[in-house]
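# Report on the structure
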Amino acid sequence: MSIRLGLAGTGRIGAAHAETLRSLPGVDAVVVADADAARARDTAAKLGVDFAPDIEALLATDPTGIVIATPTDSHPELITRAVDLGISVFCEKPVAADIDGTLAVIRHLEDSTVPVQIGFQRRFDAGYRAARAAVRSHELGWLHSLRATTLDPAPPPAEYIPRSGGLFRDCGVHDFDIIRWVSGREVAEVFVLGANRGEQFFRDAGDVDTAAVVLSLDDGTLATVSLGRYNGAGYDVRLEVLGSKGNAVVGLDDRAPLRSVEPGYPAATLPAYPNFMERFRSAYAEELAVFVEVATGAAENPCRPADALEAFYIAEACELSLHQRRPVAVEEVRR
């Protein structure tokens, strides 16, 4: 079965998605569009895919599915319009800029059978999948701790921060989702401390550039999440899952930006990952391959808007905890 896929948004991640989509089995055509029509035209020419001058023209091509990689504030309208036309949707996180917007989209989808898959690519990474399998098989015993890390080598541009949603919604939300997914548990309570040691633009936006998050899961398991924008050693994303019988560690490979100072321990020979695109290249490709199966009815949706909402609730609780300097139950922010 050959299908046509649309792609809205040809920035860095959108262009990477377009390159992946054109090579997937069963994809006959890819049509790209962007608010910046010239950028979309250049991307189409470079990749040898089709070009639509705007979103209206893209939707008019009647694609089987659409991949949304546009700015966050456009997600709700694009999701609902596509679903109303019967077009399957893959949308990069988040569903919307806030909880109310996310809930509005979910309510709009209640009576629809058209799938909407949300882009949490870590669910498709081989390491995280192996950790989840180890938990499900009980080979680790009962869990007592999870330790997650997401540390950027350098901060995003200053103009990005005010519209990013903040460190927890923009960055930590991936850790919150993967902790739920790997452990199979829900987060009950959070406590956060944050700091600003870098550029002033984080303070100006009411954000922090470094945070330590403690999560209490609903069965008493504890999790910690370390977030930062200034990890000069390289892009560092890991998860440790610790149980009564054993442990599983994700991201501990030859490119992890860790330097042992133990005498005689060999130094790393490979460069650290420079960014999330390279670290999760295979995971991004896998999640889009799965989306093709979802769009054609060959697979169940692996990441629904409701999953994104749960991760968003945790991020919202973290924001409240940061500013009020107290533990916050996730139920406090739930609508």
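This structure is a prediction, so every number in the text was calculated from the model and none was measured. Counting of residues starts from 1 at the beginning of each chain's written sequence and follows it residue by residue. Residues qualify for local features only when their pLDDT is at least 70, as the model is predicted, and side-chain atom pairs are given and counted only at 80 or more; totals for whole chains, interfaces and linings, by contrast, use all residues. Values shown for side chains rest on all heavy atoms present in the structure; no hydrogens or waters enter the calculation.

### Quick word on the nonpolar core
In globular proteins that are soluble, nonpolar side chains generally tend to be buried together. The criterion, for reference: For our purposes a nonpolar core is just a set of buried Ala, Val, Leu, Ile, Met, Phe, Trp, Tyr and Cys residues, chained together by side-chain atoms within 4.5 Å. Each residue's exposure class comes from its accessible area (1.4 Å probe, protein chains only) as a fraction of the maximum for that residue type: buried when under 20%, exposed when over 50%, partly exposed otherwise. Contact definition: two residues touch when any of their heavy atoms are within 4.5 Å.
Grouped together as the largest cluster of nonpolar side chains are 56 residues, with contacts concentrated most on Phe 168 and Leu 215. Setting aside its immediate chain neighbours within four residues, Leu 215 contacts Phe 176, Ile 179, Val 187, Glu 189, Val 190, Thr 221, Leu 222, Ala 223, Val 225 and Ile 314. One finds Ile 55, Val 83, Ala 308 and Ala 311 within the second-largest nonpolar core, a separate group that totals 27 residues.

### Describing the environment of Phe 120
Counted only if it meets this: Elements are defined by DSSP. Helices are runs of H or I of four residues or more, strands are runs of E of two residues or more, and each kind is numbered from the N terminus.
Structurally, Phe 120 is set in the loop between strand E6 (116–119) and helix H6 (126–136). Among all residues touching Phe 120, those that are not within four sequence positions of it are Lys 93, Val 173, His 174, Asp 177, Glu 287, Cys 303, Ala 308 and Ala 311.

### Quick notes on the sheet that holds strand E9 (residues 210–217)
Quick note on the threshold: By the convention used here, strands pair only if DSSP detects at least 2 bridges between them. Angular values range over 0 to 180 degrees, each being the angle between N-to-C directions of two axes fitted as lines to C-alpha atoms, with helices fitted over their stretch in contact.
The strand order across the open sheet formed by 7 strands is E12-E11-E7-E10-E9-E8-E13, and the pairing between neighbours is mixed. The strands lining the two open edges of the sheet, one partner per strand, are strand E12 (247–250) and strand E13 (328–329). Bridge count for E9 against strand E10 (residues 222–228) is 7 bridges, and the pairing is antiparallel. Following the sheet pairing, Ser 216 is matched in E10 by Leu 222. Against the sheet, helix H11 (residues 305–324) engages strand E8 (187–195), E9 and E13, with an angle of about 50° to E8.

### Digging into the UniProt feature "domain: GFO/IDH/MocA-like oxidoreductase" (unreviewed entry) in the protein
Just so we agree on the cut-off: UniProt positions are given in the numbering used here, feature names are shortened, and annotations may be inferred rather than shown by experiment.
The UniProt entry lists residues 128–248 under the feature "domain: GFO/IDH/MocA-like oxidoreductase" (unreviewed entry), expressed in the numbering used here. Counted over residues 128–248, helix gives 26% and strand 36%. Its end C-alpha atoms are 9 Å apart.

### Focus: the sheet that holds strand E3 (residues 50–51)
Taking strand neighbours across the sheet as the criterion, the 6 strands line up as E3-E2-E1-E4-E5-E6 in an open arrangement whose pairing is parallel. Both edges of this open sheet fall to E3 and E6, since each of them pairs with a single strand only.

### Brief notes about the environment of Tyr 284
Checked against the element boundaries, Tyr 284 lands in helix H10 (residues 281–295). Beyond its immediate stretch of four places on either side in the chain, Tyr 284 contacts Ile 13, His 17, Glu 92, Gln 121, Phe 276 and Met 277.

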